[in-house]
Amino acid sequence: MIEIISQPWQWYVAGPSIVAVMFLLYFFGKSFGVSSNLETLCTMGGAGRFSDYFKKDWKVNLWNIVFLMGAVIGGFIASNYLSVDLPINLNPQTISDLSVLGFENAGDTVVPSELFGMEAIGSVKGIGLLLMGGLCIGFGARWAGGCTSGHAIVGMSNLQIPSLIAVVGFFTGGIIMTWVLFPLIF
Amino acid sequence: MMKYIKFGLLGIVFGIIMTKGELISWFRIYEMFKFQSFHMYGVIGSAVGLGAILMLLFRKGIIKNVYGDKIIVPAKDFKWKRALFGGIIFGLGWALAGACPGPMFVLIGNGVFSILIVIFGALLGTFLYGKFQKHLPH
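Residues numbered from 1 in each chain as written. Chains lettered and ligands numbered in written order. Predicted model: local features only at pLDDT ≥ 70, side-chain atom pairs only at ≥ 80, totals over all residues. Heavy atoms only, no water.

1. Describing empty space enclosed by the protein
Enumeration according to the criterion identifies two cavities of 30 Å³ or more in this entry. Lining of the largest cavity is provided by 19 residues; of these, Ile18, Thr148 and Ile153 of chain A together with Met18 and Cys100 of chain B occupy positions nearest its centre. Contributions of two or more residues to the lining of the largest cavity are made by helix H9 (148–157) of chain A together with helix H1 (2–20), helix H3 (39–59) and helix H5 (101–109) of chain B. The residue makeup of the lining of the largest cavity, split by class, is 16 nonpolar, three polar and no charged. Counting the residues that make up the lining of the largest cavity, at least three belong to each of domain 1 (1–83) and domain 2 (117–186) of chain A. Along the wall of the second largest cavity there are 14 residues; nearest its centre are Val84, Asp85, Leu86 and Val110 of chain A together with Thr19 of chain B. (1 Å grid on protein atoms, 1.4 Å probe; cavity = no way out; pocket = protein on both sides within 12 Å on 5 of 7 lines; lining within 4 Å. Points joined across faces, edges and corners; volume = space filled by probe spheres on them. Helix = DSSP H or I, 4+ residues; strand = E, 2+ residues; numbered from the N terminus. Nonpolar A, V, L, I, M, F, W, Y, C, P; charged D, E, K, R; others polar. Domains from an automatic or database assignment.)

In structure tokens form, the structure reads like this:
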């Protein structure tokens, strides 16, 4: 059993597994949406003093924060006890495209050292890029009203037109970053 | 307290899926936006396909929740401007950081501590949205 779980999971295992988690959340009377936790964390941190937007009762969302803490533990368990599947099986073209941008050994680690390594986060540019990435994610998720979980998976499953528009937006932004901005940044 | 344990366990399962499915890999996100692999499309596509069947069973009342009530998944706010503009901003960040809000936290468990800078940025972004949302098109 543990040997089967320890293999890298193919898409047809990972996708349905996500749906199983989503099902259980709804079955227990809750919902599936990760980015709303960012809002709850702001509220818990006292953001209500600066904006009425955060004047909410965070206790009703505590279950989701517990879910998020579980996700951290799940990441720890998977990486320490369920074997590490590195390097991942990337398209050779992806590896060579990244090499052109200055990213070496693509796929040998979970995240590139060129962005997340000690040297990178010791520079203003490195910290700035990570901060900027996070800023766009947080700002964009709340503006759009959801992220990959709430819009791409729940919203599209539930045939919501706004979610389809949001996902078109996600890919528009992602393609602009990857195809246009990456060659300028790196 | 006890009622929260199941959500913690579901979170653990979610974190394992994200890690084992390589969904926390920055490189997989790059590869997806370059259209060089089916992996991410397969994950999202199979989740949406199977999810659609599940939502249908919820709507028809065939699957009820643990309390025996009909499961209602609220409709999303029908405003295209916020979905599109917010979506584009989100996508820029998703491609740059190579992680969306779930994987961000799973990466802490994977020992990628510099992701905390991304999380700090995401909290700041959420705060700025809350502060200035009245001035944004929705």
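2. Let's talk about the interface of chain A and chain B
Facing the 124 residues of chain A at the interface are 106 residues of chain B. Carbon and sulfur atoms make up 79% of the area that chain A and chain B hide from each other, which totals about 10300 Å². Counting every contact that joins chain A to chain B gives one salt bridge. The shortest N-O distance in the salt bridge between Lys34 of chain B and Asp97 of chain A comes to 3.6 Å. Our count for the contact surface shared by chain A and chain B stands at 29 residue pairs in polar contact (both at pLDDT 80 or more). It is helix H10 (residues 161–185) of chain A that contributes the most residues to the side of chain A that touches chain B, 18 residues altogether. When its residues are assigned to classes, the side of chain A that touches chain B shows 80 nonpolar, 38 polar and six charged. (Contact = heavy atoms within 4.5 Å. Buried area = accessible area lost by both parts, 1.4 Å probe. Salt bridge = Lys/Arg side-chain N within 4 Å of Asp/Glu carboxyl O. Polar contact = N/O pair within 3.5 Å; in protein donor to acceptor, adjacent residues only side chain to side chain.)

3. With respect to the domain arrangement of chain A
Residues and elements named next belong to chain A. With domains assigned, chain A is organised as domain 1 (1–83) and domain 2 (117–186). Each partner contributes residues to the interface: domain 1 has eleven residues there, and domain 2 has ten residues. In total, about 720 Å² of surface goes out of reach between domain 1 and domain 2, with carbon and sulfur atoms giving 69% of it. Taken as a group, Met22, Phe32 and Ser35 account for 51% of the area that domain 1 buries against domain 2, more than any other trio of residues on that side. At the junction of domain 1 and domain 2, the tally comes to one salt bridge. One salt bridge connects Glu39 with Arg142, and the closest N-O pair in it is separated by 2.9 Å. Secondary structure elements with two or more residues in the side of domain 1 that touches domain 2: helix H2 (11–27) and helix H3 (36–44).

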